[in-house]
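Now for the letters of each chain:
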Amino acid sequence: DEIREFARSVVEKEIEKHAADGLGRVDYALANGGATVVRHSEAYDMRRGNWFLMSVRNGVHPNADKMLKPSFGEPGQCFPLKGSSGFVQIKLRAEIIPEAVTLEHVAKSVAYDRSSAPKDCRISGWLQGRNTDSVIDTEKIFLLSEFTYDLEKSNAQTFDVLNSAGSGVIDTVRLDFTSNHGSASHTCIYRLRVHGHKPDSVSMMAIQS
Amino acid sequence: DEIREFARSVVEKEIEKHAADGLGRVDYALANGGATVVRHSEAYDMRRGNWFLMSVRNGVHPNADKMLKPSFGEPGQCFPLKGSSGFVQIKLRAEIIPEAVTLEHVAKSVAYDRSSAPKDCRISGWLQGRNTDSVIDTEKIFLLSEFTYDLEKSNAQTFDVLNSAGSGVIDTVRLDFTSNHGSASHTCIYRLRVHGHKPDSVSMMAIQS
Amino acid sequence: DEIREFARSVVEKEIEKHAADGLGRVDYALANGGATVVRHSEAYDMRRGNWFLMSVRNGVHPNADKMLKPSFGEPGQCFPLKGSSGFVQIKLRAEIIPEAVTLEHVAKSVAYDRSSAPKDCRISGWLQGRNTDSVIDTEKIFLLSEFTYDLEKSNAQTFDVLNSAGSGVIDTVRLDFTSNHGSASHTCIYRLRVHGHKPDSVSMMAIQS
Ligand SMILES: [K+]
Ligand SMILES: [K+]
Ligand SMILES: [K+]
C-alpha cells in the first residue's frame, strides 16, 4: 500500500512536470512570452510552398520564431539554417540573471533523420537594452555555456550557465553552432530556452553602483 | 514483479488521463466542441501588435475564446480582463445537467507571474435557449459554485456543482470573479471547463411536466 | 529504494513515449513530415462557418490533412466523411517498407459521442511513384491490414502489417472503412499513421533486379 501511494506520487509529479512545458522551468525565450529572434545566419529553404509567399523582415525569416515555441513531439516544428554552422540571436522577454539554457531537437523515436541536429554549441549573452542597432562592447558579452548536443541523451538537454554569479543581467542571447550531426545542407533548431530569474532590487542597485 | 506490473498500470492510467485533455472529463465549454464566449467585462489590452488589427464583434473580443481552449502548459494562452473583478458568460455546446466546473491558470513552475490569477469566484448557470437578447428571470438562474482559486494547488482546479440534483438543465454559464491574486491591472482566464451530462428523455419529461 | 528507482524509470520511459507523439514510433503519414491526403470519399459538412469559405482543390477538402496531424486529446480535431462507409488515400512522406498502421479516434473520456468512429477497416498500399494520374495494376496493390476499431480499447490502436516481408516498397496507402459505430450521417477520422522503415540499398537492389 505504501508502494502504491509512492508509485502514484512519483507518477503525478512526473506528469505535472511534463504538462508544465516538459521541464517545469520558466523560459524567458518563449515566443508567447514576448521573446523574439532578432538575427540569424542564412535560413535554409525546405521548399515548402507556403514559404515562398512569406517575406523577410529586417533579415529575420517569418518562421524563425518556431525555435521559441513548443514542438509537442512533432518532427518539422523547427527552424532550419543553411549549412553545418551558423547562429541565432534572441531578444528575451525580460532582463534576467541567466541560470541555464535548454537546447531541444526532435525525439529519436519519431524522427525521420537527426543528422540536422546541432552538435558543438556556444551560448553567449549580454544586455542590449534599447540600442538595437549599436554594436556591443565585447567586454560586456558573457560566455554562458559551451556544450555538445548529444543524440543519445534526452531530446531536451539543459546546460547550466558557467559561473552564474559572474554573469550580469542580460536581455539577449546568441547561440553559435560550429558543427551538426552530419547534414551537409542544413541545421535545424527545434527550440532554445533560457532559464534564470529576474534581478531583485538589491542586486539591481549593486549593478548600477 | 507484481510491483512492476502495478507501477506500469498506474503510469498508463495517469498518462491516459493526462493525454485526455488533462482531466479525462468531457468539457461542454470547449471552443472546438461548439461553445463560445457571448459576453465579458472589459478586455485588457496586452499591447501585442496583432490585437490592434482585430475588431470586436457584439462586444466580444476575438481572443475571448482562448479561455475555451487547451493551454498546453504555455504561459500567455489566456484571455485578460481589465482590473481585479469582472465576468465572462459562455454559451455551452449543448443543454446539460451541470456536475462540476474547472478553472485553470498557468502552472506555477513555468509562470512568469501569477498575480493575474482569479481568486474569489462564483459560477452561475441558466437555460438561455434561443432568446439571446432577452433578460433571464433571476429565479431561473442557478448558483452552481462559489470557490477560491488556490495558487498552491494544482493549476487545474475542479469544483463540484452545489446540489447538482437541484439545478435544472442549462446551456449558459457565467463566471464572476470579485478578486485576483494581486495584479491591479488585469485578471487572466486561462481556461474554464464545464462538466456534466446530457439530460435523458425521462428526466427531460420530468422537467417539462 | 530499488522500488523507487524502478517506479521512476517506468514513469520516465512512459512519459518519454507519450511526449514522443504518444507512441514513440516514426509516422510516415504525418502532414508535417510531407504526407498529404490525395483522394477521399465525399466530405461531410459539419456546418461550421469557416468551412463555407474554403474551396476544394482536386477533389481534396482543405481540412482533409487534419487526419495526418496530432489531435492532442481534443474532440473535433478530425476529418468527417459522409455516411458509414468511405475511403481516404494518402501519399506518404517517402517510399517505405510498411510495418504497421495506427488508427486513432478521440479518447472515450473526453468524447461527446463516439458513434462516428470507423469500425471495419481495410488498409492497402502500393507504389504510386510520379504517375499520379495513372491507374495502378491491382496486382501491385498490397493488402496491409484488415481490422476492427474497438471502442473499448485505447483510442490509438496499432495493427501490424500482414506478412510484412511480402509487401514491397510503398508510397501510398488507402483506408477503406465499411462500417462505423452507429452514426448514420458521418464517420470521423481523427488520425491515421503509417509506420515502417526506409528500404536500405541492398533491398532496393533486390527490388530493382
Ligand atoms: K518548435
Ligand atoms: K487557453
Ligand atoms: K487530428
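These figures come from a predicted structure and were not determined experimentally.

**Focus: the overall build of chain A**
From N to C terminus, chain A includes 3 helices and 9 strands. The order of α-helices and β-strands along chain A, N terminus first, is α-β-α-β-β-β-β-β-β-β-β-α. The buried share among the 209 residues of chain A stands at 52%.

**Thoughts on a nonpolar patch on the surface**
Where nonpolar side chains cluster on the molecular surface, the patch consists of Ile3 of chain A, Ile3 of chain B together with Ile3 of chain C and spans about 190 Å² of accessible area. A relative accessible area of 31% places Ile3 of chain C in the partly exposed class.

**Here we look at the interface of chain A and chain C**
Residue-level contacts link 19 residues of chain A with 22 residues of chain C. When chain A packs against chain C, close to 1900 Å² is buried across both sides, 66% of that on carbon and sulfur atoms. Scanning the region where chain A abuts chain C turns up 0 salt bridges. Taken together, the links from chain A to chain C amount to 4 residue pairs in polar contact (both at pLDDT 80 or more).

**With respect to helix α1 (residues 2-19) of chain B**
Each full turn of the α-helix corresponds to 3.6 residues, which orients residues three or four apart in the same direction. With 18 residues, α1 of chain B extends 26 Å from end C-alpha to end C-alpha; this agrees with the ideal 26 Å at 1.5 Å per step. Restricting attention to buried positions, one finds in α1 of chain B the residues Phe6, Ala7, Val10, Val11, Glu14, Ile15 and His18 of chain B. Within α1 of chain B, the buried residues cover an arc of 160 degrees as seen down the axis, which keeps them to one side. Turned more than 90 degrees away from the buried face of α1 of chain B, the exposed residues are Glu2, Lys13 and Glu16 of chain B. Elements in contact with the buried residues of α1 of chain B: α1 (2-19) of chain A together with α1 (2-19) of chain C. Where α1 of chain B ends, the next residue or the one after it, Asp21 of chain B, has phi of about 65 degrees, a positive value.

**Comments concerning the side chain of Gln128 of chain A**
Residue and element names in this part refer to chain A. Within the secondary structure, Gln128 sits in the loop between β4 (120-126) and β5 (142-148). Exposure remark for Gln128: the relative accessible area of 11% places this residue in the buried category. For Gln128, the side chain forms a polar contact with the side chain of Trp126, separated by 2.9 Å.

**A few points about the relation of the copies chain B and chain A**
Note on the identical chains: chain B maps onto chain A by a rotation of 120 degrees and an axial translation of 0.0 Å, with an RMSD of 0.0 Å. This pairing of chains is accounted for by a three-fold axis.

**Quick notes on the coordination of the potassium ion (ligand 3)**
Metal coordination angles have textbook ideals: 109.5 degrees for a tetrahedral set of four donors and 90 or 180 degrees for an octahedral set of six. All names here are of chain C. For the potassium ion (ligand 3), every protein donor is listed as Lys66 (O), Lys69 (O), Ser71 (OG), Gln77 (O) and Tyr190 (O), and the spread of their distances is 2.7 to 2.9 Å. Coordination of the potassium ion (ligand 3) draws on donor residues from a single chain, spaced K-x2-K-x1-S-x5-Q-x112-Y in sequence. Given a relative accessible area of 5%, Ser71 falls into the buried group.

**Re the coordination of the potassium ion (ligand 1)**
Residues and elements named next belong to chain A. For the potassium ion (ligand 1), the full set of protein donor atoms is Lys66 (O), Lys69 (O), Ser71 (OG), Gln77 (O) and Tyr190 (O), and the range of their distances to it is 2.7 to 2.9 Å. Within one chain, the residues serving as donors to the potassium ion (ligand 1) are arranged as K-x2-K-x1-S-x5-Q-x112-Y. Of the two residues, Gln77 is situated in the loop between α2 (49-52) and β2 (79-82) and Tyr190 in the loop between β8 (186-189) and β9 (191-197); the sequence distance between them amounts to 113 residues.

**Focus on the pattern of salt bridges**
Residue and element names in this part refer to chain A. Counted according to the given criterion, the structure contains 33 salt bridges over all chains. Taking the shortest distance from any N to any O, the salt bridge between Lys82 and Glu42 comes out at 3.2 Å. You can see Lys82 sitting in strand β2 and its partner Glu42 sitting in the loop between β1 (36-40) and α2, a full 40 residues away along the chain. Classification of Glu42 as exposed rests on a relative accessible area of 52%.

**Topic: the interface of chain B and chain A**
Taken together, the contact between chain B and chain A spans 19 residues of the former and 22 residues of the latter. Of the roughly 1900 Å² buried between chain B and chain A on both sides combined, carbon and sulfur atoms contribute 66%. For the pair chain B and chain A, the interface holds 0 salt bridges. Class assignment of the residues belonging to the side of chain B that touches chain A gives a composition of 11 nonpolar, 5 polar and 3 charged.

**Considerations on the confidence of the model for chain A**
All names here are of chain A. For chain A, mean pLDDT is 87; residues scoring 70 or higher make up 87% of the total. Across residues 49-54, confidence stays below pLDDT 50; counting only partners more than four residues off in sequence or on other chains, it has 8 contacts. Confidence over residues 204-209 falls short of pLDDT 50; this stretch has 4 contacts with residues more than four positions distant or in other chains.

**Concerning the packing of aromatic side chains**
Each aromatic ring pair is described using two quantities: the centre-to-centre distance and the angle formed by the ring planes. On inspection of all chains with the given rule, the structure shows 9 aromatic pairs over all chains. On the basis of an interplanar angle of 10 degrees and a centroid distance of 3.8 Å, the ring pair of Phe147 of chain B and Phe159 of chain B is categorised as stacked. One end of the pair, Phe147 of chain B, is in strand β5 (residues 142-148); the other, Phe159 of chain B, is in strand β6 (residues 156-160), and 12 residues separate them in sequence. Of the two residues, Phe147 of chain B and Phe159 of chain B, neither departs from the other in class, the shared state being buried. One aromatic cluster is present, formed by Phe72 of chain A, Phe72 of chain B together with Phe72 of chain C through successive ring pairs. The ring of Phe87 of chain A carries the charged tip of Arg174 of chain A above its face, separated from the ring centre by 3.9 Å.

**As for the packing of α1 of chain A against α1 of chain C**
Across the interface, α1 of chain A lies against α1 of chain C with an axial gap of 10 Å and an inter-helix angle of 35 degrees. Viewed along their axes, α1 of chain A and α1 of chain C form a crossing whose handedness is right-handed. On α1 of chain C, the residues touching Ile3, Phe6, Val10, Val11, Glu14, Ile15 and His18 of chain A of α1 of chain A are Ile3, Arg4, Ala7, Arg8, Val11, Glu12, Ile15, His18 and Ala19 of chain C. Looking at the contact of α1 of chain A with α1 of chain C residue by residue, the classes come out as 10 nonpolar, 2 polar and 4 charged.

**Focus on the environment of Pro199 of chain C**
Relative to the helices and strands, Pro199 of chain C is located in the loop between β9 (191-197) and α2 (201-208). With 101 residues separating them along the chain, Pro199 of chain C and Pro98 of chain C place their C-alpha atoms 9.8 Å apart.

Rules and cut-offs
- Residues numbered from 1 in each chain as written.
- Chains lettered and ligands numbered in written order.
- Predicted model: local features only at pLDDT ≥ 70, side-chain atom pairs only at ≥ 80, totals over all residues.
- Heavy atoms only, no water.
- Helix = DSSP H or I, 4+ residues; strand = E, 2+ residues; numbered from the N terminus.
- Buried < 20%, exposed > 50% of the residue type's maximum accessible area, 1.4 Å probe, protein only.
- Patch = residues over 30% accessible without salt bridge, like charges linked within 9 Å, V, L, I, M, F, W, Y side chains within 5 Å.
- Areas by Shrake-Rupley, 256 points an atom, 1.4 Å probe, with all protein chains shown as cover.
- Salt bridge = Lys/Arg side-chain N within 4 Å of Asp/Glu carboxyl O.
- Contact = heavy atoms within 4.5 Å.
- Buried area = accessible area lost by both parts, 1.4 Å probe.
- Polar contact = N/O pair within 3.5 Å; in protein donor to acceptor, adjacent residues only side chain to side chain.
- Expected span 1.5 Å × (residues − 1).
- Arc of directions from axis to C-beta.
- Least-squares fit on C-alpha atoms with pLDDT ≥ 70 in both.
- Donors = N, O, S within 2.8 Å, 3.2 Å for Na, K, Ca; no water.
- Nonpolar A, V, L, I, M, F, W, Y, C, P; charged D, E, K, R; others polar.
- pLDDT = per-residue confidence, 0-100.
- Phe/Tyr/Trp six-rings, centres within 6.5 Å; stacked < 30°, edge-to-face > 60°.
- Lys NZ or Arg CZ within 6 Å of the ring centre and 35° of its normal.
- Axes fitted to C-alpha atoms, helices over the stretch in contact; angles between N-to-C directions.
- Left-handed = near helix turned anticlockwise from the far one by under 90°.

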